[in-house]
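What follows is each chain in one-letter form.
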Amino acid sequence: MNCYSVHNFEASFIRLIDKVTNGSRIEINQTGTTLYYQPGLLHGGSLEHDCSPSRSIGYYLESLLCLAPFMKHPLKIVLRGVTNDQVDPSVDVLKATALPLLKKFGIDGESLEIKINRRGMPPKGGGEILFACPVRKVLQPIQFTDPGKIKRIRGTAYSVRVSPQMANRMVESARSILNKFLPDIYIYTDHMKGVSSGKLANIAGESCGPRSHQQILQGGCVDSTNQSLALLLMTLGQRDVSKVLLGPLSPYTIEFLRHLRSFFQTMFKIETKTPEEEHMGGEKVLMTCVGIGFSNLSKTIR
Amino acid sequence: MEEKEKKKHRAKHSGPKAEKKRKRYLNDLGIGDEENARKRNPKAFTVQSAVRMARTFHRTQDLKTKKHHIPVVDRTPLEPPPVVVVVVGPPKVGKSTLIKCLIKNFTRQKLVEIRGPVTIVSGKKRRLTIIECGCDINTMIDLAKVADLVLMLIDASFGFEMETFEFLNICQVHGFPKIMGVLTHLDTFKNNKQLKKTKKKLKHRFWTEVYPGAKLFYLSGMVHGEYQKQEVHNLGRFISVMKFRPLTWQTSHPYVLADRMEELTNPEDVRINPKCDRKISLYGYLRGAHLKNKSQIHMPGVGDFTVSGVSFLPDPCALPEQQKKRSLNEKEKLVYAPLSGVGGIVYDKDAVYIDLGGSHAHEKEEEEVRPNHELVQSLISTHSAIDVKMASSKVSLFMDSRPLGSEDVGQEFVMPREERRIDLMTGRVRRKALFEEEEKENDDAGSDEEDDDEEEAAAMSEDGSDGDDEDDDAEEESDRELLREEMAVRRAKRLKTEVAKEEAVNELPAFADSDDDLEMSSEGEGKTAPEENEMEQDDDEEEENEDDQRTHEDESSGSELEAASKRVAEPKQYEINSEDTEMRSQISEHSLKRKAVLTTDSGNCTAEEASESEAENSSLDESDDEEGSHDESEAAESNRKGCQHTPKKADSIRQTKLQALEAVDDDVENLLREEDEYEEKIDFSADTTGALKWKEDLKQKAAQAFLRQQHSTPNLRKLIYGTAVEDEDRENEDASDELGGLFRVSRPDKASKQNANALDCSKFLIEKPQDWDLEEVMSSIRDCFVTGKWEDDKDAAKLLEEDEELYGDFEDLETGVVHKGKHAAEGDESGSEEEEEDGKMSKPEPEEEEKKKERMDKKRKLKEMFDAEYDEGDATYFDDLKEEMHKQAQLNRAEFEDQDDETRVQYEGFRPGMYVRIEIENVPCEFVLNFDPHYPIILGGLGNSEGNVGYVQLRLKKHRWYKKILKTRDPLILSLGWRRFQTIPMFYIEDHNGRHRLLKYTPQHMHCGATFWGPITPQGTGFLAVQSVSGTTPDFRIAATGVVLDLDKSITIVKKLKLTGFPFKIFKNTSFIKGMFNSQLEVAKFEGAAIRTVSGIRGQIKKALRTPVGAFRATFEDKLLMSDIVFVRTWYPVSIPTFYNPVTSLLKPAGEKDSWSGMKTTGQLRHERGIKLKQNKDSLYKPIVREKRHFNKLHIPKALQKALPFKNKPKNLEKKGKTPKDQWRPAVIREPHEKKISALLSALSTVNNYKIKKAKIKHREQLKEYLKVKQKEDEQKFKRQKEAKKKIYRILGQREKKRQKSSLKGSSKGEKST
């Protein structure tokens, strides 16, 4: 397989898309270099999917987060694969950041959840999560420009197939760094007897401090991973002005913004806010746009 | 006498005075008003019944909430588009007359013929677009969708007509616009009473149809062929104060009611193929929602298109400027109707006709309609060919900038081609801004050379005559090359971080508000203050090198020239050799041109530049621009030439040119040089950015940008979206890539290739995280935590203080500690102190003011708090929601208010209220050829994926007034969304288990489901169906109405299918059945299925048999008979024909536009062709002949008989048979004597009988006679008695009278006598 053809994880992703939609046509040629995709309508329902272990579940979950609110039936999907790896945003991160973001857009309720049933590490995976999301007809516009202050820090330290002591050590090292700013820190330890093996060291704990600092410095109202999700949902909102304050735009987001323009003809008004103006952290970007008035065409009315 | 006439005082029993008195009186008594009564007698006011109370409460709440509408965000623009007034009615009811009268009423103008919509200014804040709607159902449907107000004309002398009701029904389906009825022909009534009665009758009927209390207007009589002025005036007043409710479909979709059409097709194409698809532009006010470029639209009656271009034009019928006066003056009463020939000008599809009407007439008109005339004049001039128009038009993007002409635009189009040249041999993009040093070095070197070539080539054409100098300069040139390369390497190492930064800056030119369209001109000046500073810090050598480098990287002809002039500013490296006068003039022009360019970008100008540009002679600007285009062509040409020359020669030529430039520009720029120096350097750093450069190495750049964050404010918008002209550039580029006009070289640029292969991951990994152990780095985020510093308005300590100030002292009730208001105490103290100080300083006024301010603040805060508390008290969920919507609406309005229209359009699209020009390509030629302005042209914007087709599920009900029932699989014309189309619906009904069962016909008075293949339209959209749109029928035309429920890509409608079979072998409860299936496989599929006989015996399919094929074993609950028929009930999915045929009524030739006919129903076809349906013989009705049924005797087994109780036992009493002969009685034989006797006896008895009979008859007659006589006698007797009685009573009466008389005269006497 050459580098231009469809990768394993991409094939798995295509299969996932096929599962959640109805009437989409997918054709991949013999060499795997051309992909024809004719979109169908988002269907949803109760599904299961085995993700490719070469990318973590986060890769798949990110796109599902974008699609799930616009299904015909509420999505309830079990994804199997790698829950945490070094490349993609982990499931825990998405659970902690993306779900509150969705709630801002009016996608809330009991059925909105990400549940980690089993953890799985690369290279073999074996983790399992449940993602459920309700369906909405329209999204609310947001005015999300005040990030507020950090009141408390909660975290999860997980360990798989190593001594549970490892997790505790990680917690200790992380606390030692974070405590410089805030006393209210609680990090849960999540020790699972994983089905599949993977390796993990306590380096993670020490690097997590600076990482979170970096995010705080960068961060606006939405963390860097979910910037694109927030912008997409803003675009797909009603014909109202939405605003969100972001940290510096990630390259992914920048590319995403271009896609938004080519798909929806939407341009964002981008204003940079210097740290002096906002008092906190690094430079911020205020993104403003008018929604395109998208409404969920799949949802049935009775 | 006087006393008597005086009126007596009458005390007031009602009215305020009486009330007052009564109150006083009651108060005096001590039983005051109701409140007092409540106090006095609380029992009387208690709740009598809790249930009743609850009920009344519920009722009031119900009534209250019933009035609520779901609050929606008010998205109406500040300057709304004209209100669409549709005038409908049956023919000859007076529609055109009314429109003319209304126009005359508002504008004092008389239109001769009305074609298409007419826009007029009706008031200070309102414009109207009036359009007439004919009786063609297509027109009615289209106009009902865009109408804001419907004037429904009704001929009172005739009454309601079908058209009226049809239109009302159409309106109901597509959102209900405001409807106002207008009764005309009221002068035909001679009898006033009749008139009144008719009015009342019509009014009430109208009310049931619209809503009770709907306004119905009366237009009595005509005067000189017009309605009475006062009545029209009143109608106009009603229209101009009317309020409108937003309709869902209209507010969620952009739409344009086009009032002008123009054909833009290349005439040559038309000449070659008269039937080729056309390119047209349509003009009109944008309504509804924001329209984005390249979005999909639907033109009802034509089809779906993609907008190929939108632009907004100055409002041809603008509202008056805001003034504080009550009415409009004559100048402001505008009318705009390009199709109708206002001011004698008629716009046709491809021509403008001017109706002169004699020389004098035109003059008069000119004076009369001056404002309009002006407007029209401008429109005529704009109506010239598109390129001419483009050439003449000038747009000024910024207030103080030079207006941009088409030359500038042209420049913009051409320039990028030169900027981003692709080497055909290698497929390599020449201009790059890379960050890795190795790449940089290589590329620099490479590009240097190439650029040199280019410049040389460019120079070639200009100074071909200067070939003499080449030898001298060749050496110098080569030396310089070497030096430069060396320096490039050195510098690349030394300045690697800095360069990276600068490069990044190049990508993100300066200010956030710089406009894209100006990028080309502004690029040269794109820079930031910090950068400038940086540059200043660099030592001279570096500057030189860099500049040098940059000039060589430069590619565009424009910037090339700049480069040329730049050389002059450099410290003298070369000697001045030649002074060519021709060159001088040319170059001075170039330098001027550069400045002219500078002047155009007002946004990015620094103060220095501004002053510079002011210094320039502005009159030169235009000529310079023209020069620019020349230069470009020159450059392009020279490029081609340059390839043929040897590099050396080219080098030398270039060198000479440069020298010349230096020499010449030296003089020109002498004055400005000093202040320019820095800027120019930076100019060149910016110049290196190609228009498409932003694409390369985005990720790295973004990462760099992030690291660089504090130093500059990057123009993120440009980084992300590139430039607005970028798309066009790409197109140009593509065009240039075509090889021999046949093949296109598709060459993905390097950057996108890299991106495609990069890891697709949203995680933002920072390669070089900051060192978080450092204190200053840590402190940068310290304030992000609650433990950090808060903003002033949120700081807890401060808030607490404020609270204290507000509330002052209070006592803690639990502890009993009294808290003293700090402020008050302090105030006193400070006050005293202040006083002292005041005495010293003698500054009482500011202190006083401060105090006052403080007090005011306090007051305000208190009031705010009170307001908040008070309002919150009865704020309901509804109020909150409303408030939220209101806030959103305000935000929507305010967000882009301060931006100019060009930028605004990019962010939010074209906003409603703008007068837009929409270009559409690939329009069928029939639309243009058969254009008829009487038919409305509507451009309806489609939402996302509304242009797709799929299965649409509806809830449908046949209209009660439609006479036929609808049949599944018969084509039906639907009006849904913007569209009218023919499709084949399938009707179904949902069973209790959710199964969608196919119906053959629509139910009579019930909803049913329907599914069809057609355009996807949002759920909840209403639709109506008609069977045909052609011709007129006396019957009601709307066949069905309903609403969209669901959209999907698959359907689940099933119809019942019964498979029958026959037993061929019967055991007890098991039977073998054949004839139901055709193979074992089929049977296998149905194993376990429930089967049944016609007689009702249930069973199950068990297993297939080997022979005969398709037979199976089945078990039943009872034994079958051989005559039984067995069947299995199955559900067969129905496929829906994918038939979607838009009604293209506007493509029909003029005069036939109402005769569109699509697919015909089978019934119609059969009728037309006289094909009789071949009926199944079994389905025919025949007289039923029933055979007499013969039942066998009931047989009860003996054992059972025995067991039965006696009463149920069959009673075996046999019938009495014939009496046997032996038991017969003997016959009597008489003797002759006896015979005689008996004969005599019988004869005698006969005689006797006869006698008796006779006597009886006689007796009866006698009796009759007697009764007759008796009756007579009785009558006479009765008569006599009556007379006697009469006599007696008369006498008695007379006596009575007498007695009464006597008693009256003297009672005593009378008494005595009796």
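Up top is the structure.
Residues numbered from 1 in each chain as written. Chains lettered and ligands numbered in written order. Predicted model: local features only at pLDDT ≥ 70, side-chain atom pairs only at ≥ 80, totals over all residues. Heavy atoms only, no water.

### Side note on the overall build of chain A
Point 1. The number of helices and strands found in chain A is eight helices and 14 strands.
Point 2. Considering chain A as a whole, with its 302 residues, one finds that 58% of them fall into the buried category.
Point 3. Just so you have it, chain A exposes about 12,700 Å², and 52% of that area is on carbon and sulfur atoms. (Helix = DSSP H or I, 4+ residues; strand = E, 2+ residues; numbered from the N terminus. Buried < 20%, exposed > 50% of the residue type's maximum accessible area, 1.4 Å probe, protein only. Areas by Shrake-Rupley, 256 points an atom, 1.4 Å probe, with all protein chains shown as cover.)

### Observations concerning the sheet that holds strand β3 (residues 127-132) of chain B
Within a sheet, each strand pairs with its neighbour through backbone hydrogen bonds, oriented either parallel or antiparallel.
All names here are of chain B.
Point 1. Read from one edge to the other, the open sheet built from seven strands follows the order β6-β5-β4-β1-β3-β2-β14, with strand pairing classed as mixed. For this open sheet the edge positions go to β6 (216-218) and β14 (335-336), each flanked by a neighbour on one side alone.
Point 2. Two elements, strand β5 (residues 178-184) and β6, share three bridges in a ladder whose sense is parallel. Within the sheet, the bridge partner assigned to valine 182 lies in β6 and is phenylalanine 217. (Pairing = 2+ DSSP bridges.)

### Remarks on helix α1 (residues 8-20) of chain A
Point 1. In a regular helix each residue adds 1.5 Å, so 13 residues correspond to 18 Å; α1(A) covers 19 Å between its end C-alpha atoms and thus fits that length.
Point 2. Along α1(A), the positions that sit buried rather than exposed are A:Phe9, A:Ala11, A:Ser12, A:Ile14, A:Leu16, A:Ile17 and A:Val20. (Expected span 1.5 Å × (residues − 1).)

### Thoughts on the pattern of salt bridges
Between side chains of opposite charge, a pair can form as their charged atoms come close.
Point 1. Under the defined criterion, the tally for this structure stands at 40 salt bridges over all chains.
Point 2. Where B:Arg1037 meets B:Glu166, a salt bridge forms, and the shortest distance between an N and an O atom there is 2.9 Å. One end of the pair, B:Arg1037, is in the loop between β29 (1022-1026) and β30 (1038-1048); the other, B:Glu166, is in helix α7 (residues 162-173), with 871 residues separating them in the sequence.
Point 3. A salt bridge links B:Glu919 to B:Arg917, with the shortest nitrogen-to-oxygen separation between them at 2.8 Å. Across this residue pair, the class does not change: B:Glu919 and B:Arg917 are buried.
Point 4. What you see here is one network of salt bridges that share partners, running through A:Glu48, A:Asp50, A:Arg80, A:Arg118 and A:Glu128. (Salt bridge = Lys/Arg side-chain N within 4 Å of Asp/Glu carboxyl O.)

### Notes on a nonpolar patch on the surface
All names here are of chain B.
Point 1. A cluster of nonpolar residues, Ile1237, Leu1240, Leu1241 and Leu1244, forms a patch on the protein surface that exposes about 390 Å² of accessible area.
Point 2. One can find leucine 1244 in helix α41 (residues 1232-1305).
Point 3. Residue leucine 1244 is classed as partly exposed on the basis of its relative accessible area, which comes to 49%. (Patch = residues over 30% accessible without salt bridge, like charges linked within 9 Å, V, L, I, M, F, W, Y side chains within 5 Å.)

### Some thoughts on the nonpolar core
Point 1. With 73 residues, the main nonpolar core has A:Phe131, A:Val244, A:Phe268 and A:Met287 as its most contacted residues.
Point 2. Among the elements that take part in this core, helix α2 (residues 57-67) of chain A stands out by supplying seven residues, more than any other.
Point 3. Excluding residues that lie within four positions of it along the chain, A:Phe131 makes contacts with A:Leu61, A:Leu64, A:Leu65, A:Ala68, A:Leu75, A:Lys76, A:Ile77, A:Glu113 and A:Ile114.
Point 4. B:Val86, B:Leu202, B:Val210 and B:Val1143 belong to the second-largest nonpolar core, a separate cluster that totals 47 residues. (Core = buried A, V, L, I, M, F, W, Y, C linked by side-chain atoms within 4.5 Å. Contact = heavy atoms within 4.5 Å.)

### Quick notes on the sheet that holds strand β9 (residues 143-144) of chain A
All names here are of chain A.
Point 1. A sheet is described by the order of its strands in space; here four strands give the open sequence β9-β12-β14-β13, paired in mixed fashion. Edge strands, defined here as strands with exactly one partner in the open sheet, are β9 and β13 (269-273).
Point 2. Direction of pairing for β9 relative to strand β12 (residues 241-246): parallel, over a ladder of two bridges. Directly across from glutamine 143, in β12, lies its bridge partner lysine 243.

### Quick word on the packing of aromatic side chains
All names here are of chain B.
Point 1. Taken as a whole and assessed by the stated rule, the structure comprises 26 aromatic pairs over all chains.
Point 2. For the pair phenylalanine 981 and phenylalanine 1012, a centre-to-centre distance of 5.5 Å together with 40° between the ring planes defines the contact as tilted. Of this pair, phenylalanine 981 sits in strand β25 (residues 979-983) while phenylalanine 1012 sits in strand β28 (residues 1007-1015), and the two are 31 residues apart along the sequence. The same class applies to phenylalanine 981 and to phenylalanine 1012, which are both buried.
Point 3. Taking the centre distance of 5.7 Å and the plane angle of 50° together, the rings of phenylalanine 1077 and phenylalanine 1112 count as tilted. Remark: phenylalanine 1112 occurs in strand β35 (residues 1112-1116) and phenylalanine 1077 occurs in the loop between β32 (1070-1074) and α38 (1080-1085); sequence separation between them is 35 residues. (Phe/Tyr/Trp six-rings, centres within 6.5 Å; stacked < 30°, edge-to-face > 60°.)

### Description of a negative patch on the surface
Point 1. Residues B:Asp879, B:Asp880, B:Glu883 and B:Glu884 make up a contiguous surface patch of negative charge.
Point 2. Note on placement: B:Glu884 falls in helix α35 (residues 877-895). (Lys, Arg positive; Asp, Glu negative; His and termini not counted. Charge placed at Lys NZ, Arg CZ, Asp CG, Glu CD.)

### Concerning a positive patch on the surface
Point 1. Residues B:Lys12, B:Lys17, B:Lys20, B:Lys21 and B:Arg24 make up a contiguous surface patch of positive charge.
Point 2. Mapped onto the elements, B:Arg24 comes out in helix α2 (residues 16-29).

### Focus on the environment of B:Gly225
Residues and elements named next belong to chain B.
Point 1. Within the secondary structure, glycine 225 sits in the loop between β7 (222-223) and β8 (226-227).
Point 2. Its relative accessible area of 47% is what places glycine 225 among the partly exposed residues.
Point 3. In the structure, glycine 225 is positioned 124 residues away from cysteine 101 in sequence and 10.0 Å away in space, judged by C-alpha atoms.

### Notes on the pairing of strand β1 (residues 83-88) of chain B
Residues and elements named next belong to chain B.
Point 1. Burial analysis of β1 places six of its six residues in the buried class, which makes it a mostly covered element.
Point 2. Side chains of β1 alternate between two faces, with Val83, Val85 and Val87 and Val84, Val86 and Val88 buried alike.
Point 3. Here β1 runs beside β3; their pairing, made up of five bridges, is parallel. Paired with valine 85 across the strands is isoleucine 130, a residue of β3.

### Thoughts on the pairing of β29(B)
The side chains of a regular strand alternate between both faces of the sheet.
Residues and elements named next belong to chain B.
Point 1. Most of β29 sits out of view: five of its five residues are buried.
Point 2. The two faces of β29 match: Gly1022, Leu1024 and Val1026 on one face and Phe1023 and Ala1025 on the other face are all buried.
Point 3. Pairing of strand β24 (residues 972-976) with β29 involves four bridges; the strand directions are antiparallel. Bridge pairing in β29 links isoleucine 973 to valine 1026.
Point 4. Taken together, the five bridges between β29 and β30 define a ladder with antiparallel strand orientation. Considered in β30, the bridge of valine 1026 is made with isoleucine 1038.

It is worth stressing that arrangement in space is one thing and function is another; only the former is reported here.
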